[in-house]
Amino acid sequence: MTAPSALPAPHDTPLDLGGRTALVTGAAGGIGRACVLRLAAASAKVRAVDRDAEGLEALAAAAADLGGSVEPHVLDLTDLDAAEDAAAGTDVLVNNAGLQLVRPIEEFPPDVFHTVLTVMLEAPFRLIRGALPHMYGQGWGRVVNISSVHGLRASAYKSAYVAAKHGLEGLSKTTALEGAPHGVTSNCVNPGYVRTALVEKQIADQARAHGIPEERVVAEVLLQDSALKRLIEPEEVAQAVAYLCGPQASFVTGTSLILDGGWTAH
């Protein structure tokens, strides 16, 4: 029987992405911003993709202050051809961009449903499609899809978001199966509610949908099923992304890394 190849001890394997190019969508704020800064700290050259030009410039300046390399790339992900083109030459792809609207199905605007699915499912497909030829060619690549607990569980009034995240889970698994012979891994990171502007904007919508005051939304709606009664910080999600890009996770693919405070333990 052939002995397994020796792997360095965990304390000997800090994340080093020197010479690698990473692309992060939804990069100007929240989880995306934290991921950009974490990957830049690991010496990756990071393409930061977002519609927010000012936010990207501020991010690039913050990264430069920390000694990181960030290339702002202003892009609306509903331009699917441009999204695919932007991913060419990418070694690490982090599909993070998202949007949310909380409405009952019978009141949910069809155009918004279409936009959510375009940005959160079709654009990741196109980005992966654009990135894989380079990854396959070099025999190494990392695809990390920022999913959600809503990729594994549903909540009322979030039909588009839940549908998109469930679809992203399937896309990620398919990418893992196809990419394995080429040295490419694909995984999802599944946080519960993260302290971001996206979550803060939900509070008023949730209060309206459930008919309760905004101050009750976090405890009684957002964190109702979480054993840990706090929001997750974006930096915690970024550390999970970094783990999946590191040598310790070389055998982790086609799965979901759940950061939900015990939500799915029910």
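Right above here is the structure, for reference.
Residues numbered from 1 in each chain as written. Predicted model: local features only at pLDDT ≥ 70, side-chain atom pairs only at ≥ 80, totals over all residues. Heavy atoms only, no water.

1. Remarks on the overall build of the protein
Alright, step 1. Regarding its fold elements, the protein presents eight helices and seven strands.
Alright, step 2. Its C-alpha atoms give the protein principal-axis dimensions of roughly 60 × 45 × 35 Å.
Alright, step 3. For the protein, with 266 residues in total, the buried portion stands at 50%.
Alright, step 4. Carbon and sulfur atoms provide 55% of the accessible area of the protein, an area that totals close to 12,400 Å².
Alright, step 5. Of the charged side chains in the protein, 20 are positive and 30 negative; the average position of the first set lies 4 Å away from that of the second. (Helix = DSSP H or I, 4+ residues; strand = E, 2+ residues; numbered from the N terminus. Buried < 20%, exposed > 50% of the residue type's maximum accessible area, 1.4 Å probe, protein only. Areas by Shrake-Rupley, 256 points an atom, 1.4 Å probe, with all protein chains shown as cover. Lys, Arg positive; Asp, Glu negative; His and termini not counted. Charge placed at Lys NZ, Arg CZ, Asp CG, Glu CD.)

2. Quick word on the sheet that holds strand β5 (residues 141-146)
Hydrogen bonds along the backbone pair up the strands of a sheet, which may run parallel or antiparallel.
Alright, step 1. Strand order in the open sheet made by the seven strands is β3-β2-β1-β4-β5-β6-β7, with parallel pairing throughout. Edge positions in the sheet fall to β3 (69-74) and β7 (256-259), since each of these pairs with one other strand and no more. Strand after strand, the sheet turns through a mean of 15 degrees between neighbouring axes, direction not considered.
Alright, step 2. Relative to β5, strand β4 (residues 92-95) is paired through four bridges, and the arrangement is parallel. Within β5, the residue paired with Asn95 across the bridge is Asn145.
Alright, step 3. Helix-sheet contacts for helix α1 (residues 30-41) involve β1 (21-25), β2 (45-50), β3, β4 and β5, and the interaxial angle to β1 is about 170 degrees.
Alright, step 4. Across the sheet, helix α2 (residues 53-65) lies against β2 and β3, angled at about 175 degrees from β3, the strand it touches most. (Pairing = 2+ DSSP bridges. Axes fitted to C-alpha atoms, helices over the stretch in contact; angles between N-to-C directions. Contact = heavy atoms within 4.5 Å.)

3. Let's talk about the packing of aromatic side chains
Alright, step 1. As enumerated under the stated definition, the model contains two aromatic pairs in all.
Alright, step 2. Between Phe108 and Phe113, the aromatic rings sit 6.2 Å apart at their centres with planes inclined by 85 degrees, giving edge-to-face as the arrangement.
Alright, step 3. A centroid spacing of 5.8 Å and a plane angle of 25 degrees characterise the contact between Tyr193 and Trp263, whose relative ring orientation is stacked. Highlighted residues: Tyr193 in the loop between β6 (184-191) and α6 (197-210) and Trp263 in the segment after β7, separated in sequence by 70 residues.
Alright, step 4. Residue classification places Tyr193 among the buried positions, given a relative accessible area of 7%.
Alright, step 5. Residue Trp263 is classed as buried on the basis of its relative accessible area, which comes to 9%.
Alright, step 6. Just above the ring of Trp140 sits the side chain of Arg20; from NZ or CZ to the centre is 3.9 Å. (Phe/Tyr/Trp six-rings, centres within 6.5 Å; stacked < 30°, edge-to-face > 60°. Lys NZ or Arg CZ within 6 Å of the ring centre and 35° of its normal.)

4. A short note on the packing of α1 against helix α8 (residues 234-245)
Alright, step 1. Here α1 crosses α8 at 50 degrees, and the two axes come no closer than 8 Å. Here α1 lies oblique to α8, going by the angle between them. Here the hand of the crossing between α1 and α8 comes out right-handed. The residues of α8 that touch α1, namely those facing Gly30, Ile31, Ala34, Cys35, Arg38 and Leu39, are Pro234, Glu235, Val237, Ala238, Gln239, Val241, Ala242 and Cys245.
Alright, step 2. Class assignment for the residues of the contact of α1 with α8 results in 10 nonpolar, two polar and two charged. (Parallel < 35°, antiparallel > 145°, perpendicular 65-115°, else oblique. Left-handed = near helix turned anticlockwise from the far one by under 90°. Nonpolar A, V, L, I, M, F, W, Y, C, P; charged D, E, K, R; others polar.)

5. Notes on unusual backbone geometry
Alright, step 1. Unusually for a residue other than glycine, Ser43 sits at a positive phi of about 80 degrees.
Alright, step 2. By the element assignment, Ser43 lies in the loop between α1 and β2.
Alright, step 3. Unusually for a residue other than glycine, Tyr157 sits at a positive phi of about 75 degrees.
Alright, step 4. Judged by relative accessible area, which is 29%, Tyr157 ranks as partly exposed.

6. Thoughts on the side chain of Thr90
Alright, step 1. Topologically, Thr90 is positioned in the loop between α3 (80-86) and β4.
Alright, step 2. Within polar-contact distance, the side chain of Thr90 engages the backbone oxygen of Ala87 at 2.7 Å.
Alright, step 3. Aside from chain neighbours lying at most four places away, what touches Thr90 is Thr21, Ala22, Leu23, Arg47, Ala131, His134 and Met135. (Polar contact = N/O pair within 3.5 Å; in protein donor to acceptor, adjacent residues only side chain to side chain.)

7. Looking at the pattern of salt bridges
Alright, step 1. Across all of its chains, the model carries seven salt bridges by this definition.
Alright, step 2. Arg230 serves as the salt-bridge partner of Glu236, at 3.0 Å between the closest nitrogen and oxygen.
Alright, step 3. Overlapping salt bridges bring together Asp81, Glu84, Arg126 and Arg129 as one network. (Salt bridge = Lys/Arg side-chain N within 4 Å of Asp/Glu carboxyl O.)

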